[in-house]
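Descriptive analysis of the structure
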Amino acid sequence: EAGLLVGIISCTSKNGTDEFNQRVANAKLKWLKKHIGSVEFDEIHIISYYMDKYAVADCSHAILFDDEQRHRDAWTGIAYDEKHIFDVLNSIIGE
């Protein structure tokens, strides 16, 4: 309604094997479906822990919410600590 795109960019385990990281990715997708299945995501990327999140974002003016400072520092746009997600989103959609 507000013309927003919603995406997820999440990382696998820092030291996991390829097999373990695939299980992590599957578990994250399952969690999203179970806990916020009503949200229709425009993009979902589960990437290597060592990959920069900005490299996979489909939207050049995306806002990042992340618990790791290194991801926020590397982001090419606006980035917030994930603790501020509801305040920021409410201010964007005008609630």
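We now turn to the structure provided with this report. (Residues numbered from 1 in each chain as written. Predicted model: local features only at pLDDT ≥ 70, side-chain atom pairs only at ≥ 80, totals over all residues. Heavy atoms only, no water.)

Digging into the pairing of strand 2 (residues 43-47)
In this structure, strand 1 (residues 7-11) lies alongside strand 2, joined through five bridges in parallel fashion. Residue pairing across strands places Ile8 opposite Ile44, the latter belonging to strand 2. What joins strand 1 to strand 2 is helix 1 (residues 18-36), and the crossover it makes is right-handed. (Pairing = 2+ DSSP bridges. Helix = DSSP H or I, 4+ residues; strand = E, 2+ residues; numbered from the N terminus. Right-handed = clockwise from strand over helix to strand, strands pointing away.)

Quick look at the nonpolar core
Counting seven residues, the largest nonpolar core consists of Ile9, Cys11, Ile47, Tyr49, Val56, Leu64 and Trp75. Leaving out residues up to four positions away in the same chain, Ile9 has contacts with His45, Ile47, Lys53, Val56, Ala57 and Trp75. (Core = buried A, V, L, I, M, F, W, Y, C linked by side-chain atoms within 4.5 Å. Buried < 20%, exposed > 50% of the residue type's maximum accessible area, 1.4 Å probe, protein only. Contact = heavy atoms within 4.5 Å.)

Let's talk about helix 1
A rise of 1.5 Å per residue sets the reference length of helix 1, with its 19 residues, at 27 Å; its end C-alpha atoms lie 26 Å apart and thus fit the reference within 8%. Every buried residue of helix 1 is listed here: Asn21, Val24, Ala25 and Leu32. Buried residues of helix 1, seen end-on, are gathered within an arc of 100° and therefore sit on one face of the element. Away from its buried face by more than 90 degrees, helix 1 exposes Glu19, Lys30, Lys33 and Lys34. (Expected span 1.5 Å × (residues − 1). Arc of directions from axis to C-beta.)

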